[in-house]
Amino acid sequence: MVELGRNNAGVWVLERCAIELLERGWVTDGNIEKFDEVAEAIRRLVKKSGSRTKNVALALPPSAVITKRIILPGGLTEAELETQVESEANQYIPFSLEEVSLDFYVVGPSPKSEGDVEVLIAASRKEKVQDRQGLAEAAGLKAVVVDVDSYASRLAVGRLIEMLPNNGLDTLVALFEIGAFTTSLQVLRNDEVLYERDQAFGGAQLTQLIVRQYGFSSEEAEVKKRSGDLPDDYEVSVLRPFVENMAQEASRALQFFFNTTPHSKVGHILLAGGAAALPGLVDTVAQQAACPCSVVNPFEGMEIGSGVRTKRLINEAPSYLTACGLAMRRFSL
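Analysis parameters
Residue indices begin from 1 for each chain and proceed along its sequence in written order. For this predicted model, a pLDDT threshold of at least 70 governs which residues receive local features, and a threshold of 80 or more governs which side-chain atom pairs are given and counted, while totals over whole chains, interfaces and linings are taken from all residues. The basis for every side-chain value is the complete set of heavy atoms in the structure, and neither hydrogens nor water enter the calculation. Think of it this way: any DSSP run of H or I at least four residues long counts as a helix, any run of E at least two long counts as a strand, and we number them from the N terminus. Helix span, as expected, comes to 1.5 Å for every residue beyond the first. A residue's bend is simply the angle between two axes: one fitted to the seven residues ending at it, one to the seven starting at it. The axes used here are C-alpha line fits, helices contributing only the stretch in contact, and every angle between their N-to-C directions lies in the interval 0 to 180 degrees. Orientation labels follow simple angle bins: below 35 degrees gives roughly parallel, above 145 gives roughly antiparallel, 65 to 115 gives roughly perpendicular, and whatever is left gives oblique. Note: crossing handedness is left-handed where the near helix turns anticlockwise from the far helix by less than a right angle, and right-handed where it turns clockwise. Working rule for contacts: check all heavy atoms of both residues, and any pair within 4.5 Å makes them a contact. Polar here means any residue outside two lists: the nonpolar Ala, Val, Leu, Ile, Met, Phe, Trp, Tyr, Cys and Pro, and the charged Asp, Glu, Lys and Arg; Gly therefore counts as polar. Surface patches are drawn from residues lacking salt bridges whose relative accessible area is over 30%; two like charges belong together within 9 Å, two nonpolar side chains (Val, Leu, Ile, Met, Phe, Trp, Tyr) within 5 Å. Only the protein chains shown count as covering a residue, and every accessible area follows the Shrake-Rupley method with a 1.4 Å probe. Think of a salt bridge as a Lys or Arg side-chain nitrogen and an Asp or Glu carboxyl oxygen that are within 4 Å of each other. In this tally Asp and Glu are treated as negative and Lys and Arg as positive; neither His nor the chain ends contributes. Here the site of a charge means atom NZ of a Lys, CZ of an Arg, CG of an Asp or CD of a Glu. Note on classification: 1.4 Å probe, protein chains only; a residue is buried when its accessible area is under 20% of the maximum for its type, exposed when over 50%, partly exposed between these limits. Should DSSP find at least two bridges between two strands, the strands are regarded as paired. Only centres within 6.5 Å qualify two rings of Phe, Tyr or Trp (six-membered ring in Trp) as a pair; their planes then separate them into stacked at under 30 degrees, edge-to-face at over 60, and tilted for everything else.

### Here we look at helix H7 (residues 234–260)
Taking 1.5 Å per residue as the helical rise, H7 with its 27 residues ought to reach 39 Å, and the 38 Å between its terminal C-alpha atoms agrees with that figure. Of all bends in H7, the biggest is about 25°, found at Arg-240, and the proline Pro-241 comes one to four residues later.

This is how it looks when you write it as structure tokens:
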């Protein structure tokens, strides 16, 4: 959870942030399997953060949302746009419109046809959206935005790309978000998504390696992995081979991108997610991909509020990318 504000000079302020771990199986592929347990975790999260804000932005996984860019005539009123979008949506959504939550956004003038506008439409099954709304309500909150994970992370990472040389203009940036079981790759250039791919590897594999190597339970292994309280041979026997394997997987994902597009290299790699800050990972990825690489800190350049524990923030910052993007939506409503 992330709560952002802005000071009088317009500088972003990180007011509060907190993380609460979910047990395996509570959420699977973005589906909430254990509603009561997840709702209770959110209540603990809000309490831990100390936030009094009630309005929240939540996100769905990309797999739960159908998105499509369409071209419509310019100059339509909001009501006319809505009618046109519903008419067009029928072609792309394999469900009755009564079964979906539908929204749209005017991207801007069409690059191909003068006088027309490009419109992004997004649709999800109503029960997916209602699950998120129900979770918020169960924790005493109100969901005012339901976004998409990948859109939220792109919003947050846009600030960081602007900090690259030449403000990141025309630079191909590969963003890897390393989750517990899945790592997603987005290749971005000038706010445009050129490529997206998910791969089945993540930080939970390191936890399982620790379990096998030392005989800990999964819960013990996860705690020890985070605290660094592991045997002396951990770095050589477990961590380094895992980091090498993760870098190879990242390199393989980029190779898929190169093989299926006209591009043969990227200008910068960004690593986000819980495993992004593993010792040696940035250097190993940079070496294997022959490309500059850095760990995402979505709060870079922000003022840090007094309610934030800065010591823990350094290691946890890469995990907050999507939540940071959702918090930024507060200022775009």
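### Points about the packing of helix H5 (residues 204–214) against helix H6 (residues 218–227)
Where H5 contacts H6, the two axes come as close as 9 Å, and the packing angle between them is 115°. Taken together, H5 and H6 sit at an angle that is classed as roughly perpendicular. Seen along the crossing, H5 lies across H6 with a hand that is right-handed. Seen from H5, the contacting residues are Leu-206, Thr-207, Gln-208, Ile-210 and Val-211; seen from H6, they are Ser-218, Ala-221, Glu-222 and Lys-225. Residues belonging to the contact of H5 with H6 are distributed by class as follows: four nonpolar, three polar and two charged.

### Remarks on a negative patch on the surface
A cluster of like negative charges, contributed by Glu-23, Asp-36, Glu-37, Glu-219 and Glu-220, occupies part of the molecular surface. Only helix H1 (35–49) and H6 provide two or more residues apiece to the negative patch. Inspection of the secondary structure puts Glu-23 in the loop between strand E2 (12–17) and strand E3 (27–28). Glu-23 gets classed as exposed once you look at its relative accessible area, which sits at 51%.

### Considering helix H4 (residues 149–161)
The first and last C-alpha atoms of H4 sit 18 Å apart over 13 residues, in line with the 18 Å expected at 1.5 Å per residue. The element H4 is extensively covered by neighbouring structure, given that 10 of its 13 residues are classed as buried.

### Considerations on the packing of H5 against H7
Their axes nearest at 10 Å, the elements H5 and H7 cross at an angle of 150°. Taken together, H5 and H7 sit at an angle that is classed as roughly antiparallel. Considering the relative orientation of H5 and H7, their crossing is right-handed. In contact with Gln-205, Leu-206, Leu-209, Ile-210, Gln-213 and Tyr-214 of H5, H7 contributes Tyr-234, Ser-237, Val-238, Leu-239 and Phe-242. When its residues are assigned to classes, the contact of H5 with H7 shows eight nonpolar, three polar and no charged.

### Description of the pairing of strand E10 (residues 173–178)
The buried count for E10 comes to six of six residues, which makes it a mostly enclosed element. Burial along E10 is two-sided: Val-173, Leu-175 and Glu-177 and Ala-174, Phe-176 and Ile-178, pointing in opposite directions, are all buried. With six bridges connecting them, E10 and strand E11 (residues 183–189) associate as antiparallel partners. The residue bridging Glu-177 from the neighbouring strand is Ser-184, located in E11. Where E10 hands over to E11, the hairpin turn is made up of four residues, counted between the paired strands.

### Regarding the environment of Gly-179
Relative to the helices and strands, Gly-179 resides in the loop between E10 and E11. Separated by 94 residues in the primary sequence, Gly-179 and Gly-273 place their C-alpha atoms 5.7 Å from one another. When near neighbours in sequence (up to four residues on either side) are disregarded, Gly-179 contacts Gly-202 and Gly-203.

### Points about the sheet that holds E10
A sheet is described by the order of its strands in space; here five strands give the open sequence E12-E11-E10-E13-E14, paired in mixed fashion. Two strands bound the open sheet, and with one partner strand each, they are strand E12 (192–199) and strand E14 (293–295). On average, adjacent strands in this sheet sit at an angle of 20° to one another, irrespective of strand direction. Relative to E12, H7 is tilted by about 135°, and along the sheet it contacts E10, E11, E12 and strand E13 (268–273).

### Describing the packing of aromatic side chains
Summed over all chains, the structure comprises five aromatic pairs. Judged by centre distance (5.1 Å) and plane angle (85°), the ring pair of Trp-12 and Phe-331 falls under edge-to-face. Within this pair, whereas Trp-12 is found in strand E2, its partner Phe-331 is found in the segment after helix H10 (321–328), the two being separated by 319 residues in sequence. Owing to a relative accessible area of 13%, Trp-12 belongs among the buried residues under this scheme. Relative accessible area serves as the criterion here: at 34%, Phe-331 is assigned to the partly exposed category. Relative to Phe-258, the ring of Phe-257 lies with its centre 5.5 Å away and its plane at 50°, an arrangement referred to as tilted.

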